[in-house]
Amino acid sequence: MSTTICQVMGFLVASLGVGGSIMATAMDTWSTQDLYDNPVTAVFQYQGLWRSCVRQSSGFTECRPYFTILGLPAMFQAVRALMIVGIVLGILGLFICIFALKCIRIGSMEDTAKANMTLTSGIMFIVAGLCAITGVSVFANMLVTNFWMSTTNMYQGMGMGMQNVQNRYTFGSALFVGWVAGGLALVGGIMMCLACKGLVPEESRYKAVSYNASGKNISYRTGPYKAGSGYEADPRARKGAGYEEAPRSEDGRRPYPSKYDYV
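Predicted model, so just to flag it, every value in this text is computed and none were measured.

(A) Representation of the confidence of the model for the protein in the model. On average, residues of the protein carry a pLDDT of 76, and 67% of them reach 70 or more. Averaged over each element, pLDDT in the protein is lowest for helix α3 (residues 111-159) (83) and highest for helix α2 (residues 74-100) (93). Across residues 204-211 the pLDDT falls below 50, and counting only partners more than four positions away or on other chains, this stretch makes zero contacts in the model. Segment residues 225-233: pLDDT under 50, and nine contacts once partners within four positions in sequence are set aside and those in other chains are kept.

Structure (structure tokens):
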């Protein structure tokens, strides 16, 4: 019962994480204009991964998509790629996880197959969460770097007696949504991996039993077989130092056992 609960909870948490990643990627508020020490407040600008928007004080909003790909910074394109890869892996993990749920029986699927599918979906959720967290963190690092560079240039212009007004951008709401979504996907993947252990059937282990001869200090050995003499062992192959073959009768049988018959 606990395995089923862990698996279902992991599926729900990972679903929230994947949904949050999709929502964060589509949002336009990855970076918002910093209004601190900004004399121009009639226009508010914010940017996303796919377009930049301007909102006026009258309430009118105009958004313009990025019509170029090569003109964008390399780190910006890397953030896009990370978010898309995370979303694709998360959606594939959800499809696999649906068929791996223990409460859903499909045909004659064994528990071992469900365990493997659960582990696969868990790993995909973990990778998707890491992609989302990494992409959001890289974008946040870009914002911090540009913010302090703009601040430095602005104060240097003010020290020289020049009014230098630059737009500075700070963290938008999409960044926090992406961080939370990546964390949820990561937690859901870990729960799915933990549920995999409970789905693996317990294999019965058999201990090997060694059989010994009833006689004291008696054991049997098999020797090499002759090519054309059936399954009779070649007695010459067992010859060693101090070996003496017992006398035989005319028909080839030994009249009495020798002390070298037993090893």
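(B) Molecular detail of the pattern of salt bridges. Counted by the stated rule, this structure contains one salt bridge. For D28, the salt bridge goes to R51, with nearest N and O atoms at 2.8 Å. Linking D28 in the loop between α1 (2-26) and β1 (31-33) with R51 in strand β3 (residues 51-56), this pair joins segments that are 23 residues apart in sequence. Among the residues examined, D28 registers a relative accessible area of 14% and is labelled buried.

(C) Looking closely at the nonpolar core. Counting 16 residues, the largest nonpolar core has W30, L49, F76, V79, M83, F139 and L175 as the members making the most contacts within it. Only α2, α3 and α4 (173-199) provide two or more residues apiece to this core. The leading source of residues in this core is α3, at six residues. Apart from the residues within four sequence positions on either side, F76 is in contact with G48, L49, Y66, F139 and M142. Of all hydrophobic cores here, the second largest spans eight residues; its members include F11, A14, C97 and L101.

(D) The arrangement of the sheet that holds β1 in detail. Within the open sheet, the five strands sit side by side as β4-β3-β2-β1-β5. Their pairing is antiparallel. Edge positions in the sheet fall to β4 (61-65) and β5 (169-171), since each has one partner strand and no second. Recorded for the sheet is a direction-independent mean angle of 25 degrees between the axes of neighbouring strands. Two elements, β3 and β4, share five bridges in a ladder whose sense is antiparallel. The residue of β4 that forms the bridge with S52 is R64.

(E) Geometry of a nonpolar patch on the surface. A cluster of nonpolar side chains, I22, I91, F95, I98, F99, I104 and I106, forms an exposed patch at the surface whose accessible area comes to about 560 Å². It is α2 that contributes the most residues to the nonpolar patch, four residues altogether. One can find F99 in helix α2. The class of F99 is partly exposed, set by a relative accessible area of 43%.

(F) Local environment of the state of the cysteines. According to the stated counting rule, one finds one disulfide in the structure shown. Residue pairing for C53: its cysteine sulfur links by disulfide to C63, the two sulfurs lying 2.0 Å apart. Between C53 and C63 the sulfur-sulfur dihedral comes to about 110 degrees; the bridge is accordingly right-handed. Remark: C63 occurs in strand β4 and C53 occurs in strand β3; sequence separation between them is 10 residues. This cysteine, C6, is not joined by any disulfide, and C193 carries the nearest cysteine sulfur, 9.8 Å off.

(G) Structural context of the pairing of strand β2 (residues 43-47). Taking every second residue as pointing to the same face, the buried face of β2 carries F44 and Y46, while none of V43, Q45 and Q47 on the other face is buried. In this structure, β1 lies alongside β2, joined through two bridges in antiparallel fashion. Each residue of the ladder has a partner; that of S31, found in β2, is Q47. Looking at chain direction, β2 and β3 are connected through five bridges and run antiparallel. Counted as the bridge partner of Q47 is S52 from β3.

(H) How the structure looks around the environment of K197. Following the sequence through the fold, K197 ends up in helix α4. Considering only alpha carbons, one finds K197 and T3, 194 residues apart in sequence, at a separation of 8.4 Å.

(I) Seen up close, the packing of α1 against α4. Contact geometry for α1 and α4: axes closest at 7 Å, N-to-C directions at 155 degrees. Considered as vectors, α1 and α4 are oriented roughly antiparallel to each other. Crossing of α1 over α4 shows left-handed handedness. Split by residue class, the contact of α1 with α4 holds 19 nonpolar, nine polar and no charged.

Conventions we followed
- Residues numbered from 1 in each chain as written.
- Predicted model: local features only at pLDDT ≥ 70, side-chain atom pairs only at ≥ 80, totals over all residues.
- Heavy atoms only, no water.
- pLDDT = per-residue confidence, 0-100.
- Helix = DSSP H or I, 4+ residues; strand = E, 2+ residues; numbered from the N terminus.
- Contact = heavy atoms within 4.5 Å.
- Salt bridge = Lys/Arg side-chain N within 4 Å of Asp/Glu carboxyl O.
- Buried < 20%, exposed > 50% of the residue type's maximum accessible area, 1.4 Å probe, protein only.
- Core = buried A, V, L, I, M, F, W, Y, C linked by side-chain atoms within 4.5 Å.
- Pairing = 2+ DSSP bridges.
- Axes fitted to C-alpha atoms, helices over the stretch in contact; angles between N-to-C directions.
- Patch = residues over 30% accessible without salt bridge, like charges linked within 9 Å, V, L, I, M, F, W, Y side chains within 5 Å.
- Areas by Shrake-Rupley, 256 points an atom, 1.4 Å probe, with all protein chains shown as cover.
- Disulfide = S-S within 2.5 Å.
- Parallel < 35°, antiparallel > 145°, perpendicular 65-115°, else oblique.
- Left-handed = near helix turned anticlockwise from the far one by under 90°.
- Nonpolar A, V, L, I, M, F, W, Y, C, P; charged D, E, K, R; others polar.

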